[in-house]
Amino acid sequence: MTQDHLSALFSALADPTRRAILDRLAEGEATVKELAEPFDISAPAITKHLKVLQRAGLIKQERRAQWRPCRLDATPLRDVANWVERYRRFWEGSFDRLDRYLNTLQERERNRAGPKEPGD
Amino acid sequence: MTAGFERQAPVGDAVEASLPSDREIVVSRRFNAPRELVWAAWTHPEHIGNWWGPDGFTTTTEKMELRPGGEWRFVMHAPNGMNFQNYVRYSEVVEPERLVYLHGEDEERIDFEVTVTFVERDGATEVTLRQVDETPEARDRAIEEGGAIEGGKQTLDRLAGYLETMRS
């Protein structure tokens, strides 16, 4: 995935209408008309959104007969999600170990300090 | 599609990752320990080997020079026997509140810049780590690697499933 594709992906996701279109397509294929239905915007405006999503590799438009349904392709999102997830897992593992290690150090310190003598 | 890409990571016991921009990850965690101790765990060779890396990994420090321009060279030993050379060069060392460093395989291959902040609140320490891919190429490499790793894991999972059906 090149840097251009990444920028296209992020700007595609930056718009709430486009995110809603992706949510709808996550439920299954839809025609342009079906996608436009919930929104109070013009058909050309919807088409503009679809072009942005296509450029980002997030939707594919089938060329079946006249009705050309749109389909979601989640691969770009999965690749980015995997990238975030790897580092999240690395740090989660490290921070869990750090947490246990800090508790061990503090326990050792408490034991070294010993019980309080009467008169302290 | 959620606002997860825009939301700042809340601090808690779990590690949450957020994505403030297309080359940046933020992770945060609270620790029940004073800041000086958490700082020491990050900055002393005898401490850092006891927690750095996921479960099963051990870390050998070859050198750690805790100053701007100083280097931390270390090897991570994976549970499967593989060794990973690591290189860190510190750009900022502000005890006990901030570390900024570059991290990669060696001084020629820097993958990201990391900023770690340590904030004490009510006797606990919030550690926030911000990791920025050093170059678009480093970012693409990491994403492709991640895709390859996930792809590899899925292949292995499918193979494992197939072997199960063969057994029965």
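All figures in this text were calculated on a predicted structure; none of them were measured in a lab. (Residues numbered from 1 in each chain as written. Chains lettered and ligands numbered in written order. Predicted model: local features only at pLDDT ≥ 70, side-chain atom pairs only at ≥ 80, totals over all residues.)

Caption draft 1: Spatial organisation of the overall build of chain B. Along the backbone of chain B there are 3 helices and 8 strands. Its helices and strands in sequence order give chain B the pattern β-β-α-α-β-β-β-β-β-β-α, from N to C terminus. Counting across all 168 residues of chain B, residues that qualify as buried make up 21%. (Helix = DSSP H or I, 4+ residues; strand = E, 2+ residues; numbered from the N terminus. Buried ≥ 20, exposed ≤ 12 C-beta atoms within 10 Å, placed from the backbone.)

Caption draft 2: Focus on helix 4 (residues 43-55) of chain A. If you check helix 4 of chain A, its first and last C-alpha atoms are 18 Å apart, about what 13 residues at 1.5 Å a residue would give, namely 18 Å. Backbone geometry just downstream of helix 4 of chain A places G57 of chain A in the positive-phi region, at approximately 75°. (Expected span 1.5 Å × (residues − 1).)

Caption draft 3: Representation of the pairing of strand 5 (residues 83-94) of chain B within the structure. Residue and element names in this part refer to chain B. Note that strand 4 (residues 71-77) and strand 5 share 7 bridges and pair antiparallel. Within strand 5, the position partnered with H77 by the bridge is N83. The antiparallel pairing of strand 4 with strand 5 creates a hairpin that spans 5 residues between the two strands, and G81 there sits at a positive phi of about 100°. Both strand 5 and strand 6 (residues 98-106) contribute to a ladder of 7 bridges, which runs antiparallel. When the bridges of strand 6 are listed, V94 appears paired with R98. What sits between the antiparallel neighbours strand 5 and strand 6 is a turn of 3 residues. (Pairing = 2+ DSSP bridges.)

Caption draft 4: Highlighting the nonpolar core. Among the nonpolar cores identified, the biggest contains 18 residues, and L98 and L102 of chain A together with F31, V38, A41 and W51 of chain B are the most heavily contacted of them. Breaking this core down by element, the ones donating at least two residues are helix 5 (75-113) of chain A together with strand 2 (24-31), helix 1 (35-43) and strand 8 (124-133) of chain B. Considering each element in turn, this core owes the most residues, 5 residues, to helix 5 of chain A. The residues contacting L102 of chain A, other than those within four sequence positions of it, are F31, A33, L37, V38 and A41 of chain B. (Core = buried A, V, L, I, M, F, W, Y, C linked by C-beta atoms within 7 Å. Contact = placed C-beta atoms within 7 Å.)

Caption draft 5: Highlighting the confidence of the model for chain A. Within chain A, residue pLDDT values average 83, and 88% of them lie at 70 or more. Helix 4 of chain A holds the highest mean pLDDT among the elements of chain A, 89, whereas helix 1 (residues 3-13) of chain A holds the lowest, 73. (pLDDT = per-residue confidence, 0-100.)

Caption draft 6: Summary view of the packing of helix 5 of chain A against helix 1 of chain B. Closest axis-to-axis distance for the helix 5 of chain A/helix 1 of chain B pair is 11 Å, and the angle between their directions is 120°. As far as their axial angle goes, helix 1 of chain B and helix 5 of chain A are oblique. In terms of crossing hand, the pair formed by helix 5 of chain A and helix 1 of chain B is right-handed. Here L98, Y101, L102 and L105 of chain A of helix 5 of chain A lie close against helix 1 of chain B, whose contacting residues are L37, V38 and A41 of chain B. Class assignment of the residues belonging to the contact of helix 5 of chain A with helix 1 of chain B gives a composition of 7 nonpolar, no polar and no charged. (Axes fitted to C-alpha atoms, helices over the stretch in contact; angles between N-to-C directions. Parallel < 35°, antiparallel > 145°, perpendicular 65-115°, else oblique. Left-handed = near helix turned anticlockwise from the far one by under 90°. Nonpolar A, V, L, I, M, F, W, Y, C, P; charged D, E, K, R; others polar.)

Caption draft 7: Layout of helix 2 (residues 16-26) of chain A. All names here are of chain A. Of all the residues in helix 2, the buried ones are R18, I21 and L25. Buried positions in helix 2, seen along its axis, are confined to an arc of 55° and lie on one side of it. In helix 2, the exposed residues that point more than 90 degrees away from the buried face are P16, D23 and A26. Phi for G28, located one or two positions after helix 2, is positive at around 145°. (Arc of directions from axis to C-beta.)

Caption draft 8: Spotlight on unusual backbone geometry. Residue and element names in this part refer to chain B. Across the junction of E95 and P96, the peptide omega takes the value -10°, indicating a cis bond. Positionally, P96 belongs in the loop between strand 5 and strand 6. Despite not being glycine, D122 shows a phi value in the positive range, around 55°. With respect to the secondary-structure elements, D122 resides in the loop between strand 7 (109-121) and strand 8.

Caption draft 9: View of the pairing of strand 6 of chain B. Relative to strand 7 of chain B, strand 6 of chain B is paired through 8 bridges, and the arrangement is antiparallel. Bridge pairing in strand 7 of chain B links H103 of chain B to F112 of chain B.

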